[in-house]
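Structural description and commentary
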Amino acid sequence: MSEMNPTADFSFFRLVARNLQNRPYRNMAMILSFAIIAGTLFSAQYLMGGAQQSLENGLNRMGADIMVVPSQYAASSQTVLLTGEPTTFFFSDSGFEQIIRLPGVAKASPEIFVATLFGQSCCSAAVQIIAIDPERDFTIASWLKENPGVTMGKDDIIVGGAIEGAIGSDLRFYGHTFHIVGRLATTGMGIDMAVFTRIEDAYTMAEESGVKAVQKLTIPQGMVSAVLVRIDPGASPEVISDEIKQKVPGTKTLTPNSLVSAVSGQLAAITWLLYGVTITVTAVSIPLMACIAAMVAHERRKEIAILQALGATKSFIVRLMLAESFSLAIIGALAGIITAAIILVGFQDFIALTLKIPFTIPSPLTLVADGGSALLLSVVIGGIASLYPAYLINRSEPYETIRKGEP
Amino acid sequence: MIVVNGVTKAFSTGSSEVRAVDNVDLRVQQGEFVLILGRSGSGKSTLLGMLAGLLRPTTGTIRIKGRDISTLSDDKMAELRSQDIGFVFQFSGLISTVTALENVMIPTLFSADGAVNRAKALELLGQVGVAERADAYPQTLSSGEMKRVSIARALVNRPSILIADEPTGDLDVDTESEIMALFRQLNSEGITIVMVTHNPDLIPCATKIYRMSHGRMVENLDSTLCLKGPKIRDEYKDQP
């Protein structure tokens with residue numbers, strides 16, 4: 001067939017393009033339907049992908065398999081990890097000694113969480129201070145290993161990706177001045193809103209706060225906020241979590257799986273809404289589009305019959321209708337995906353804050369896969385919707401149609 | 001070139017059967033200009049549809065260039081239409097979404113020889129006298145211009161047979177004369193033409209004339225009668 005002939009001045013694709021160009025209003029309903037289907041599906045996948053990517057980044061950064069926290073603060077701890085909402089809580093560090101002796105535990109590191117004051121002259125910003133023990137820490141230690149030029153000395157802090165302030169500049173919390181020596185890569189998780197300092201500097205800050213801050217900070221001796229645990233290769237985080245909860249009563253454990261479940265739960269409403277819209281629109285669109293396509297086909301039956309009289313085979317007619325339908329599906333899907341992407345990127349922070357989820361833009365590969373699957377679904381729907389009218393047209397006798405259509 | 005033997009086309013209408021074409025025989029030699037006369041409903045257009053391979057006969061055979069087209073598959077029939085037969089409809093039959101020039105080029109999409117270039121299509125439009133309207137859309141063309149474009153389109157794959165169904169039915173007298181002159185010219189260039197019409201004024205153009213009535217071929221007129229033009233025309237105006 002000449003449709004593949006590159007030297008042809010008029011081609012199959014030109015005919016498809018002309019048919020689409022010159023029926024703009026008729027095609028708008030189809031394009032809009034495809035845009036809604038692809039846009040909602042892409043949005044659902046984008047949100048899930050962004051949250052998962054963020055969790056993955058954040059958990060990799062923390063390097064911990066289990067986080068042990070006081071049971072009454074489990075929800076707050078989760079919030080600290082996921083969205084960085086500052087909080088302060090403690091439990092006895094006697095638990096730490098028991099945890100580190102458990103079989104299967106490779107490393108354990110205590111951390112103290114302190115929420116800074118918001119809108120006070122003593123504090124640069126409302127952030128989560130995470131005080132670490134440099135001897136035992138493996139979260140910041142691994143980052144320091146990747147950045148050999150940086151050391152964490154007295155009053156030095158390493159800030160999360162979302163904290164304002166250049167490296168070399170100072171930040172003040174509870175009236176105590178800290179010096180920024182490093183910045184972690186953005187993960188989309190709560191860790192982006194955290195400031196890492198040494199436990200001893202945190203104690204100094206607390207001691208000075210009575211004089212320097214508008215509100216005194218108390219960090220009780222012998223208390224910690226959380227214990228990060230790295231387990232031996234091959235050990236099960238769930239099994240060791242259970243053992244920790246047994247040995248150290250009053251604690252709860254957070255594992256990557258539990259965080260993923262939590263995020264999935266927080267996303268469930270919105271993702272089900274989006275998937276629901278996708279399914280509903282798809283379910284409504286297939287018969288609707290088939291109906292529109294059938295109406296268009298009915299209107300075009302004389303034109304199709306003329307093409308057949310001029311020598312078009314039935315397969316050519318089917319290909320013509322499929323190509324037009326696929327083109328509309330692709331145009332609509334791309335419009336929907338691009339619009340959804342613009343809205344999602346533009347309102348990314350608002351969405352993450354509203355849904356209380358960690359969020360980062362998914363990797364390019366994930367974006368391509370998400371966009372591709374939304375596009376594919378639209379094309380499949382377009383194909384299905386055009387099959388019925390194509391079948392109807394091919395059943396009719398062209399000459400009968402031509403004669404009936406005579407003015 | 002075209003041999004029709006005992007062809008019948010019957011249509012079912014509820015419990016009864018209507019024979020639109022009833023046991024028709026017809027022979028068309030290469031280079032002839034055959035006119036089939038008949039009133040509306042006489043079966044002439046149905047016969048034409050079968051000659052063009054757009055309808056299958058209920059019984060009988062139609063041979064075009066020696067091939068029995070009634071046994072051809074749909075695809076082979078389409079191939080025959082694209083290669084050997086040019087079709088001019090009573091109405092313009094132009095595709096409204098493409099320009100006049102692109103309309104002319106459409107049949108080349110179905111031809112095994114591939115698409116002709118723009119220049120060749122323009123040349124054809126020039127031959128039928130509407131080259132300057134090449135980029136116009138059908139809805140902006142006059143009836144005569146549309147018919148000319150339609151003829152150019154029918155010729156683009158260089159068919160040996162041109163089939164025309166009441167090609168001057170919706171044209172004024174002057175345009176009708178111009179279009180028929182064009183058909184005569186094409187016939188003089190060797191293209192076999194089979195045309196159906198209810199208009200006896202066209203008799204002088206043909207080399208062979210048939211008349212159909214109630215689905216049957218009732219007369220085969222001698223071509224010399226064609227020369228008598230007005231007389232024949234007057235005689236046939238009153239025929240059933």
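Overview of the structure. It should be emphasised that the depicted structure is a prediction, and the values quoted were computed from it without experimental measurement. (Residues numbered from 1 in each chain as written. Chains lettered and ligands numbered in written order. Predicted model: local features only at pLDDT ≥ 70, side-chain atom pairs only at ≥ 80, totals over all residues.)

Another aspect to go through is the overall build of chain B. Broken down by element type, chain B carries seven helices and 10 strands. A buried classification covers 49% of the 240 residues belonging to chain B. (Helix = DSSP H or I, 4+ residues; strand = E, 2+ residues; numbered from the N terminus. Buried ≥ 20, exposed ≤ 12 C-beta atoms within 10 Å, placed from the backbone.)

With that out of the way, let us pick up the overall build of chain A. Scanning chain A for helices and strands turns up 13 helices and 11 strands. Expressed as a percentage of the 407 residues in chain A, the buried residues total 45%. The long-range share in chain A, meaning contacts at least 24 apart out of those at least 6 apart in sequence, stands at 81%. (Contact = placed C-beta atoms within 7 Å.)

Moving on, we get to the sheet that holds strand β4 (residues 59–64) of chain B. Residues and elements named next belong to chain B. Reading across the sheet, the four strands line up as β2-β1-β4-β5 and stay open at both edges, with antiparallel pairing between neighbours. Both edges of this open sheet fall to β2 (16–28) and β5 (67–68), since each of them pairs with a single strand only. Pairing of strand β1 (residues 2–13) with β2, which is carried by nine bridges, proceeds in the antiparallel orientation. Bridge pairing in β2 places Val-7 opposite Val-24. (Pairing = 2+ DSSP bridges.)

Before going further, it helps to spend a moment on the interface of chain B and chain A. Taken together, the contact pairs 30 residues of chain B with 29 residues of chain A. Of all the elements in the fold, those that place two or more residues in the side of chain B that touches chain A are α1 (44–51), α2 (74–84) and α3 (100–105) of chain B. Of the residues forming the side of chain B that touches chain A, the biggest block, five residues, is contributed by α2 of chain B. The class makeup of the residues in the side of chain B that touches chain A is 15 nonpolar, 10 polar and five charged. (Nonpolar A, V, L, I, M, F, W, Y, C, P; charged D, E, K, R; others polar.)

Residues and elements named next belong to chain A. Across the interface, helix α1 (residues 12–21) lies against helix α10 (residues 314–346) with an axial gap of 10 Å and an inter-helix angle of 60 degrees. Overall, the two elements α1 and α10 adopt an arrangement that is oblique. As α1 packs across α10, the resulting crossing turns out to be right-handed. Across the interface between the two elements, Val-16, Asn-19 and Leu-20 of α1 pack against Leu-320, Ala-323, Glu-324 and Ser-327 of α10. (Axes fitted to C-alpha atoms, helices over the stretch in contact; angles between N-to-C directions. Parallel < 35°, antiparallel > 145°, perpendicular 65-115°, else oblique. Left-handed = near helix turned anticlockwise from the far one by under 90°.)

We now examine the sheet that holds strand β8 (residues 194–198) of chain A. All names here are of chain A. Spatial ordering of the open sheet is given by β6-β7-β5-β8-β4-β3-β10-β1-β11, a layout of nine strands whose pairing is mixed. Every interior strand has two partners, whereas the edge strands, β6 (170–173) and β11 (251–254), have only one. The average angle at which neighbouring strand axes cross in this sheet is 35 degrees, direction not considered. In terms of strand pairing, strand β3 (residues 105–115) meets strand β10 (residues 226–231) through six bridges, oriented antiparallel. By the bridge assignment for β10, Lys-107 is matched with Arg-230.

Moving on, we come to α1 of chain B. Across the eight residues of α1 of chain B, eight count as buried, placing the element largely inside the fold. If you check which residues of α1 of chain B are buried, you get Lys-44, Ser-45, Thr-46, Leu-47, Leu-48, Gly-49, Met-50 and Leu-51 of chain B.

Further remarks concern the packing of α10 of chain A against helix α12 (residues 364–395) of chain A. Residues and elements named next belong to chain A. Orientation of α10 relative to α12, taken along the N-to-C sense of each, is 150 degrees, at an axis distance of 8 Å. Taken together, the axes of α10 and α12 are roughly antiparallel relative to one another. At the point where α10 passes α12, the crossing takes the right-handed sense. Partitioning the contact of α10 with α12 into residue classes produces 18 nonpolar, eight polar and one charged.

This next bit is on unusual backbone geometry. Negative phi is the rule for most residues except glycine; trans is the rule for most peptide bonds. One non-glycine residue with positive phi stands out, namely Tyr-174 of chain A, at about 50 degrees. The topology assignment puts Tyr-174 of chain A in the loop between β6 and β7 (176–183). Note on Tyr-174 of chain A: 25 C-beta atoms within 10 Å, which makes it buried. Positive phi values are uncommon outside glycine, yet Glu-166 of chain B reaches one of about 45 degrees. Mapped onto the secondary structure, Glu-166 of chain B falls in the loop between β7 (161–165) and α6 (173–188). Judged by local crowding, Glu-166 of chain B falls into the buried class, with 21 C-beta atoms found within 10 Å.

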